[in-house]
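# Descriptive analysis of the structure
Read off the chains here:
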Amino acid sequence: MTDATYELVIVGGGVVGAALACLAAGKAGGPPLSVALVEADAPRRFALSDPLDLRVLAVSRAAQYILSACGAWPAIRKARVSPYREMRVWDALVSARGYGSIHFDSAELGEPDLGHIVENRLVLSALYDVLESLPGIEIVRPAAPAAIDFEPGHAVVTLDDGRRLATRLVVGTDGMASRTRRLADLGCRGWSYRQAAVVAHVETRLPHEATAWQRFLPGGPLALLPLADGRSSVVWSAPAGRASELLEMPAGDFCDALAEASDFVLGSVTGSGARASFPLQASYAPAYVRARCALAGDAAHVVHPLAGQGANLGLLDAAALAEQIRDAVESGLDPGDTPTLRRYERRRKGHNLAMLLALDGTHRLFGSALAPLGVLRRAGLAAVDRAPPLKRRLARRAMGLDGDLPLYARAS
Ligand SMILES: Cc1cc2nc3c(=O)[nH]c(=O)nc-3n(C[C@H](O)[C@H](O)[C@H](O)COP(=O)(O)OP(=O)(O)OC[C@H]3O[C@@H](n4cnc5c(N)ncnc54)[C@H](O)[C@@H]3O)c2cc1C
C-alpha cells in the first residue's frame, strides 16, 4: 500500500532539487509532471530586512538562464544581487596587477558582467515562491527517506514518518552526504583537502570595484567577492588548523590577517560580521544513475570551491536531467527507464569530472611551495593574460556561454 503516487520524487530541496522541481513541473514548458519534493529542513523564508546570508554563490550566466527558466531570476534580481564585471587572480608572490596575474573584463567579452554574487537563501526563497504557485508540486517537509524499494516499473520511497510515496523516478539532490545515494546503492569516492573555507562578510577601506578578487596563497586560495551592500564576501581556504584559528581569533585580528593575506588589495579591512567555516572535500559518484534513480548536484559531485562552480554544475545537472525527462515523456517513454537516465549521465558526468580534476589540479599547483612550480604558474597566468583568444575562451567556458549546454541553460 502506498500513500501517494507521483511521476517524480525529488529528495533534497536545496538549490539543485528546487530548480529541478520547477523545470519538471512544467515551469519552462513541456509536459507538467506531478512532483513530490522531500526536504529535511523546516521552511525558512527570506526577508529583505534579513542580514546578508553568509552562504553566497557566484552564479554563472548559464545558471542565471536556468534560474530564469525556473521563473525565479526576476525576483532574485529585484531583491539584491551583485553583478561582478571583472575578475583578478594572482599568485602570492606577485601583485594583483603585476606579471603573473590574470585579469578578466566583461567589457572585453561584450557582456554586461561576468556573473552575479547571490545569497543562497535568496535563490532558495525565489525558487520556493515559484514552486508554491505550481499545481503539480507537493512540498513534503520536514521529511527524509528511510528506505527506497526498487520494483520493475516503479520505486517506493518510505519516509521516516512511515508515509510511502510511489514514483517512476527518484532523484537524489540531498547534498554531499546523500542518503538517497546510499539507499540506492550508488557509491561515492573522494578525498578530504584537510582544509576548511572560512567565510565572512567584511568592510574594506577601498571599494570592491564590482570585481571578484582571488589570491592564491600557499595554504589555499583567498577570494573577496563583491556584495550588493558594498561589503565583500570572504572565502578563505586554509589548512584545517589555521582555519580554526581564523574562525576563533578576535574580529580585529581577523581583519588585520585578512588585509595582509589579500595584499591590501582593498586597503585595510575595517570590520567583519559573523564567521563560519566549511570543511573542504572532493567527491564523485562513479555512477549517477540506476533504473528508477538518478543523482544530481552535490549528491553526485563535490568540487573545491576555489572557482565557485559547485552550484553552477548542479544547476546544469538539473537542466540536463529535466530536458531528458521532458524528451522521454513527450516521446511516450518512461522517464525512469535506464536508457533515458544514461543519456543524462553521459551528458553530465564527464563534464563534472573534468571540472573536479581541473580544480583539484589548480589547488595542488597553486598550493605547492616548490620554486619551479611557482615560476611555472606565474608564467602560465601571464601567458594566458597575454593571449586574448585563449583568455576569452576560458572566460566564456567559465560563464557557461560555450560547450554542450542543456536547453534550459541557453538564452531564451
Ligand atoms: C565555502 C563554499 C563556497 C561556495 N561558493 C560557491 C559559489 O560561489 N558558486 C557555486 O556555484 N557554488 C559554490 N559552492 C558550492 C555550493 O554551495 C554547492 O555546490 C551547492 O550548494 C550544492 O547544492 P545542492 O542543492 O546539490 O546541495 P545542498 O545545497 O547541500 O542541498 C541539499 C538539500 O538536501 C537536504 N537534505 C539533506 N539530506 C536530506 C535527506 N536525508 N532527506 C531530505 N532532504 C535532505 C538539505 O537540507 C538541503 O536542503 C560553495 C561551497 C562552499 C563550501
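About the cut-offs
- Sequence order as written defines the numbering, with residues in each chain counted from 1.
- A pLDDT threshold of at least 70 governs which residues receive local features in this predicted model, and a stricter bar of 80 or more applies before side-chain atom pairs are shown or counted, although totals over entire chains, interfaces and linings include all residues.
- Side-chain measures here rest on the full set of heavy atoms in the structure, leaving out hydrogens and waters.
- We call a residue near a molecule or strand whenever a single non-hydrogen atom of that residue lies within 4 Å of it.
- Here a polar contact means two N or O atoms within 3.5 Å. Within protein one must be a hydrogen donor candidate and the other an acceptor candidate, and residues neighboring in sequence count only if both atoms are side-chain atoms.
- Only the protein chains shown count as cover for residues, and the accessible areas themselves come from Shrake-Rupley with a 1.4 Å probe.
- Labels follow the DSSP assignment, with helices taken as runs of H or I lasting at least four residues and strands as runs of E lasting at least two, numbered in each case from the N terminus.
- The term salt bridge refers to a pairing of a side-chain nitrogen on Lys or Arg with a carboxyl oxygen on Asp or Glu at a separation within 4 Å.
- In this scheme, a residue with accessible area under 20% of its type's maximum is buried, one over 50% is exposed, and one in between is partly exposed, where area comes from a 1.4 Å probe on protein chains only.
- Here the rule is simple: two strands pair whenever DSSP picks up at least two bridges between them.
- In what follows, a contact means two residues having at least one pair of non-hydrogen atoms within 4.5 Å.
- Each helix should span, by expectation, one fewer than its residue count multiplied by 1.5 Å.
- The bend at a residue is defined as the angle formed between two axes, one fitted to the seven residues ending at that residue and one fitted to the seven starting there.
- Only the stretch in contact is used when a helix axis is fitted, and all axes are lines through C-alpha atoms; the angle between N-to-C directions ranges over 0 to 180 degrees.

Taken together, 33 residues lie around the ligand, and Glu39, Arg55, Ala58, Asp298 and Ala311 are the ones closest in. Between the ligand and Asp298 there is a distance of 2.8 Å, counted from an oxygen atom to a side-chain nitrogen or oxygen. Protein contacts shield 83% of the accessible area of the ligand, which totals 1000 Å² for the unbound molecule. Of all the secondary structure elements, the ones that give two or more residues to the shell around the ligand are helix 1 (15-24), strand 3 (56-59), strand 12 (189-204) and helix 9 (310-330).

Scanning all chains against the criterion turns up 18 salt bridges. The salt bridge involving Asp41 is made with Arg44; its shortest N-O contact spans 3.0 Å. Across the salt bridge formed by Arg61 and Asp113, the nearest N and O atoms sit 2.8 Å from each other. One end of the pair, Arg61, is in helix 2 (residues 61-69); the other, Asp113, is in the loop between helix 4 (106-109) and strand 7 (115-119), and 52 residues separate them in sequence. We classify Arg61 as buried; its relative accessible area is 3%. One salt-bridge network, in which partners are shared between bridges, spans Glu7, Arg168, Arg292, Asp334 and Asp337.

Here is the key point about a regular strand: its side chains alternate between the two faces of the sheet. Sheet topology note: the strand 9 (residues 145-150)/strand 10 (residues 155-159) ladder contains five bridges and is antiparallel. Looking at strand 10, one finds that Ile148 is bridged to Val157. Here strand 9 folds back onto strand 10 in antiparallel fashion, the turn holding four residues.

This part is about the side chain of Thr167. Among the secondary structure elements, Thr167 is positioned in strand 11 (residues 164-172). With sequence-adjacent residues up to four places away left out, Thr167 is seen in contact with Tyr6, Glu7, Leu8, Val9, His154 and Ala155.

Here we take up helix 10 (residues 338-367). An ideal rise of 1.5 Å per residue puts 44 Å on 30 residues; helix 10 measures up with 41 Å between its terminal C-alpha atoms. Taken as a whole, helix 10 carries its principal kink of about 30° at Arg348. Those residues of helix 10 not exposed but buried are Thr340, Leu341, Tyr344, Glu345, Arg347, Arg348, Asn352, Leu356, Leu359, Asp360, His363 and Phe366.

Before going further, it helps to spend a moment on the sheet that holds strand 6 (residues 101-105). Across the sheet, which stays open at both edges, the eight strands sit in the order 6-5-13-14-15-12-16-19 with mixed pairing between neighbours. Lying at the two open borders of the sheet, with one neighbouring strand each, are strand 6 and strand 19 (301-302). Contacting strand 12, strand 15 (232-239) and strand 16 (269-284), helix 7 (residues 240-248) crosses the sheet at an angle of about 140° to strand 15.

Below, the discussion takes up the side chain of Gln64. You can see Gln64 is positioned in helix 2. Taking the relative accessible area as the measure of exposure, Gln64 reaches 10% and is therefore buried. In terms of polar contacts, Gln64 uses its side chain to reach the side chain of His116, at 3.5 Å. Excluding anything up to four places from it in sequence, Gln64 contacts Val59, Trp73 and His116.

Take unusual backbone geometry next. A cis amide bond links Arg141 with the next residue in sequence, Pro142, at an omega value of -5°. Relative to the assigned elements, Pro142 resides in the loop between strand 8 (137-140) and strand 9. One non-glycine residue, Glu209, lies in positive phi territory at about 60°. Positioned with a positive phi, Arg292 is a non-glycine residue whose angle comes to about 75°. With respect to the secondary-structure elements, Arg292 resides in the loop between strand 17 (289-290) and strand 18 (293-295).

Summarising the element assignment, Glu132 is placed in helix 5 (residues 120-132). Residue classification places Glu132 among the exposed positions, given a relative accessible area of 53%. Sequence separation between Glu132 and Ala28 is 104 residues; the distance between their C-alpha atoms is 15 Å. What Glu132 contacts, discounting residues up to four positions off in sequence, is Arg45 and Ile139.

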